[in-house]
Amino acid sequence: QVSWLNDAGLCQYQLGDLNAAKASYEHSLQLAKSLHNPEETGDALVALASLSLKTGDLGDALARSRDARKLAEARGNSADVLRPSLIKALVLEKQGSAAVARQELLTLQKNSAAKLSIRWEVENALAQLAADTGNASVADSWFRRAIGTFQQQRTSVAGIDLRLPFVENGAGLYLSYMEFLIHEGKPEEALRVLDQGRAE
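Residues numbered from 1 in each chain as written. Predicted model: local features only at pLDDT ≥ 70, side-chain atom pairs only at ≥ 80, totals over all residues. Heavy atoms only, no water.

(A) Examining the layout of surface pockets more closely. By volume, the largest pocket amounts to about 1900 Å³. Among the elements that make up the lining of the largest pocket, the one with the highest residue count is helix 5 (residues 79–94) (9 residues). (1 Å grid on protein atoms, 1.4 Å probe; cavity = no way out; pocket = protein on both sides within 12 Å on 5 of 7 lines; lining within 4 Å. Points joined across faces, edges and corners; volume = space filled by probe spheres on them. Helix = DSSP H or I, 4+ residues; strand = E, 2+ residues; numbered from the N terminus.)

Now the structure itself:
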């Protein structure tokens, strides 16, 4: 039931029904706690933190990501510490602490070699942060690195039946880079990035 609720919440989140997603995640969290399952509890907390970040409830996002990180650290699971740490960095950026957020993201980028799905999100966040602070050349470099990291993981996926749907995971990377290039007055490069994503 915990897993089903988390999956249902993710579907509702992607469909834009955020209230339903929150209800599913909250139910999942309650069940996971009743089972004394720290891994499932951490997953539900991360899901709720991500949802709160999207809706702008930064205090809740920070609190839930902190709780998820504590659970992961108590279990000695360094990989599960990464996403709560990413959410924390994104909250700091939204709160106006760009320099602190950037340092957190750089540390995460170094520590996420074993989990490329987190690494490309971190690199994309570093690109967005550089773009927002007016450093276009650094932003461009990070966007390219994020796409490269995504491509690296995609090629490691065995079997075309798994690789084809995996491409959807990186759709946001190409769109983010394309929007950046359009903003920089480089529409032809933006179209090339879009075509690359479509071709893949």
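(B) Quick peek at the packing of helix 3 (residues 38–55) against helix 5. At a minimum axis separation of 10 Å, helix 3 and helix 5 run at an interaxial angle of 20 degrees. Judged by the angle between their axes, helix 3 and helix 5 are roughly parallel. In the packing of helix 3 onto helix 5, the handedness of the crossing is left-handed. Of helix 5, the residues touching helix 3 (which contributes Val46, Ala49, Ser50 and Leu53) are Arg83, Pro84, Ile87, Leu90, Val91 and Lys94. Of the residues that constitute the contact of helix 3 with helix 5, the class distribution is 7 nonpolar, 1 polar and 2 charged. (Axes fitted to C-alpha atoms, helices over the stretch in contact; angles between N-to-C directions. Parallel < 35°, antiparallel > 145°, perpendicular 65-115°, else oblique. Left-handed = near helix turned anticlockwise from the far one by under 90°. Contact = heavy atoms within 4.5 Å. Nonpolar A, V, L, I, M, F, W, Y, C, P; charged D, E, K, R; others polar.)

(C) Inspection of the packing of aromatic side chains at higher detail. Under the criterion given, the structure shown has 5 aromatic pairs. Ring geometry for tryptophan 120 versus phenylalanine 150: centroids 5.1 Å apart, planes at 90 degrees, classification edge-to-face. Note that tryptophan 120 is positioned in helix 7 (residues 116–132) and phenylalanine 150 in helix 8 (residues 136–156), a separation of 30 residues in sequence. You can call tryptophan 120 buried: its relative accessible area is 6%. Of the residues examined, phenylalanine 150 reaches a relative accessible area of 0% and is grouped as buried. A ring pair is formed by tyrosine 177 and phenylalanine 180, whose centres lie 6.4 Å apart and whose planes are at 15 degrees; its orientation type is stacked. Residue tyrosine 177 and its partner phenylalanine 180 are both found in helix 10 (residues 171–183); the two are separated by 3 residues, about one turn of the helix. (Phe/Tyr/Trp six-rings, centres within 6.5 Å; stacked < 30°, edge-to-face > 60°. Buried < 20%, exposed > 50% of the residue type's maximum accessible area, 1.4 Å probe, protein only.)

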